[in-house]
Every structure is written in structure tokens, then in C-alpha cells.
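What follows is each chain in one-letter form.
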Amino acid sequence: MEPVAFVEVVESVELHELRRNVLRGGDPTAIVEDPRDDRPDSLHLAVRLDDGLVAIGSFYVSTSPRDPTQPSMQLRYLATDPGWQRHGFGAMLLREGEALLIRRGVDSLWANARDTALGFYLCEGWETLPNSEHLSAETQLPHTVIVKQLGHLER
Ligand SMILES: CC(C)(COP(=O)(O)OP(=O)(O)OC[C@H]1O[C@@H](n2cnc3c(N)ncnc32)[C@H](O)[C@@H]1OP(=O)(O)O)[C@@H](O)C(=O)NCCC(=O)NCCS
């Protein structure tokens, strides 16, 4: 039988291994936790395929960098296992997350996106914030702030 992939809500601790391996080059000393991980309004999602997680992402309540008056959530630690990239799992996680957050009344999302992943986010309907290019303090990699408006989508 074909393996079935599905998105599930998980505890943040289940995401540390993929966060470290995909986003921090496997560095055992890297910090792979966000201080907001255990807040009840944070959302951690994973795509499960057979017994393993193949894609992960976390959403945190946060002020929108485009409009500080707008309720928003920040997407962090989006990653797909390198052996499963370009199989649609990152997009599956994002779309499921957006649908869930729309039901919670969230109007917009934002993220500090790695420039190497910008093509992916643009495919998924995100926009770059003008003049927001910067180097990440954590990884020293080029990043750009991206935003996605959810408010116009159906609740
Ligand atoms: C970025 C990342 C999460 C995308 O996940 P993925 O599961 O490989 O993406 P998907 O297979 O769902 O891709 C969806 C679409 O985006 C495109 N895409 C994926 N990665 C892309 C990239 N780096 N540049 C341009 N387009 C990309 C795919 O071709 C696909 O389009 P298609 O359906 O027309 O083929 C994954 O490549 C990754 O983990 N990269 C390393 C870590 C990283 O950079 N994370 C983001 C931190 S901000």
C-alpha cells in the first residue's frame, strides 16, 4: 500500500531533531528552541509519512512587521527532510497551517525567510517586505521578511 502523508499538531520537542539537522547543519550546540515554544497559543505542525516526520513548521503569536496594529503570527523553523524536499510536503504543511489559523481568526502571517527559500514562499503566495533584507543573527545567512495576508480567505 502507498504510504499516506498527513499533517498533525505536535509538541515542539518532537521538532528539535529536524530543526537541528535541516536548519542548523546538525550542530549539536545550536539552539533549536524558541522561548514561545510552550505557549498555548503557539502551533507546531509536522507532516508524518509512515513512522517519521518529513516536514515541520511552527507558528507564534507576534506583531506584524508590516502593520503593528494587525494580529499576526510568525512562521519559524519551516523545514523538510532533505531526502523528501520537492515532494510537496512543505507546501502541504503551510496550507494546512493557514487553514487552521484562519479558523482561529488569524489575519496575517510573517516570517524571516532564507533567501534560498524565497522561490518556495513566492510559489505559495507570500510577498517580500520592501527593504527588509538582512543577515540572520543566528545563522549569518541572508534573509528577507515575507508576509502573507490570510484575512481575505474564507473562514
Ligand atoms: C524551503 C523548503 C521548506 C521547501 O519545502 P519542500 O517540501 O521542499 O517544498 P515543496 O515540495 O512543497 O515545494 C512547493 C513548491 O515550491 C517549489 N520550491 C521548493 N523549494 C524551492 C526553492 N528553494 N526555490 C524555488 N522553488 C522552490 C517547488 O518546486 C514546488 O513547486 P511545484 O509544486 O510547482 O513543483 C525546503 O526546501 C527546506 O527545508 N529547505 C531547507 C531549509 C529552509 O530553507 N527552510 C526555510 C527557512 S525560512
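Residues numbered from 1 in each chain as written. Predicted model: local features only at pLDDT ≥ 70, side-chain atom pairs only at ≥ 80, totals over all residues. Heavy atoms only, no water.

**Digging into the overall build of the protein chain**
Put simply, the test is: Working definition: helices are DSSP H or I runs of at least four residues, strands are E runs of at least two. Numbering for both runs from the N terminus. Based on C-alpha atoms, the radius of gyration is set beside the globule rule, defined as 2.2 Å times the residue count to the power 0.38. Contact definition: two residues touch when any of their heavy atoms are within 4.5 Å. The accessible surface values rely on the Shrake-Rupley method and a 1.4 Å probe; as for residues, cover is taken only from the protein chains in view. Charge convention: Lys and Arg are scored as positive, Asp and Glu as negative, and His as well as the terminal groups of each chain are ignored. Every charge is mapped onto a representative atom, which is NZ of Lys, CZ of Arg, CG of Asp or CD of Glu.
Along the backbone of the protein chain there are 3 helices and 8 strands. Here the protein chain has a C-alpha radius of gyration of 15 Å; the compact-globule value for 155 residues is 15 Å, and the two agree. Taking the intrachain contacts of the protein chain between residues at least 6 apart in sequence as the baseline, contacts between residues at least 24 apart amount to 66%. A total accessible area of about 8600 Å² is found for the protein chain, and carbon and sulfur atoms account for 52% of it. Placing the 15 positive and 24 negative side-chain charges of the protein chain at their respective mean positions leaves the two points 3 Å apart.

**Overview of the nonpolar core**
Note the following rule: Here, the term nonpolar core denotes a set of buried Ala, Val, Leu, Ile, Met, Phe, Trp, Tyr and Cys residues that are joined through side-chain atoms within 4.5 Å. Working definition: with a 1.4 Å probe on protein chains only, accessible area under 20% of the residue-type maximum means buried, over 50% means exposed, and in between means partly exposed.
Ranked by size, the top nonpolar core spans 25 residues in total, and within it F59, L75, L101, L109, Y121 and W126 carry the most contacts. Listed by contribution, the elements that provide at least two residues to this core are strand 2 (43–49), strand 3 (52–63), strand 4 (71–80), helix 2 (89–103), strand 5 (108–114) and helix 3 (118–123). Examining the composition of this core, we find that 5 residues originate from one element, helix 2, more than from any other. Leave out the neighbours within four places in its chain, and L75 touches S58, F59, L94, W110, A111, Y121 and W126. Core analysis: the next-biggest nonpolar cluster, separate from the first, contains 10 residues, V10, L15, I56 and Y60 among them.

**What to know about the site of the ligand**
Rules: Whether a residue is near a molecule or strand depends on its heavy atoms: it is near if one of them lies within 4 Å of it. A 3.5 Å cut-off defines polar contacts: any pair of N or O atoms within that distance qualifies, except that in protein one atom must be a possible hydrogen donor and the other a possible acceptor, and neighbouring residues in sequence count only when both atoms are side-chain atoms. The rule is simple: put a 1 Å grid over the protein atoms alone, call a set of points where a 1.4 Å probe fits but cannot get out a cavity, call an open set with protein on both sides within 12 Å along at least five of seven lines a pocket, and count a residue as lining if it has an atom within 4 Å of a point. Occupancy of a cavity or pocket is assigned to a molecule whenever over half of its atoms lie within 2 Å of that pocket's grid points.
Contacts to the ligand come from 21 residues, most closely from L78, T80, R86, G88 and G90. A distance of 3.2 Å is found between an oxygen atom of the ligand and a backbone nitrogen or oxygen belonging to H87. G90 has a polar backbone atom sitting 2.8 Å from an oxygen atom of the ligand. Summarising the interface, the protein chains cover 72% of the accessible area of the ligand, which totals 900 Å² for the free molecule. Among the cavities detected, the one that contains the ligand is the largest pocket. When residues of the shell around the ligand are traced back to their parent elements, those giving at least two are helix 1 (16–23), strand 4, helix 2, strand 5 and helix 3.

**With respect to the layout of surface pockets**
In this approach, a probe sized like a water molecule rolls over the atoms, and the result shows the empty space that is left. The following threshold applies: Grid points are joined across faces, edges and corners, and a volume is the space filled by probe spheres set on the points.
Estimated volume of the largest pocket: approximately 940 Å³. Looking at the largest pocket, it is lined by 33 residues, and the ones nearest its centre are L23, L78, R114, A117 and Y121. Elements that contribute at least two residues to the lining of the largest pocket include exactly helix 1, strand 4, helix 2, strand 5 and helix 3. Among the elements that take part in the lining of the largest pocket, strand 4 stands out by supplying 7 residues, more than any other.

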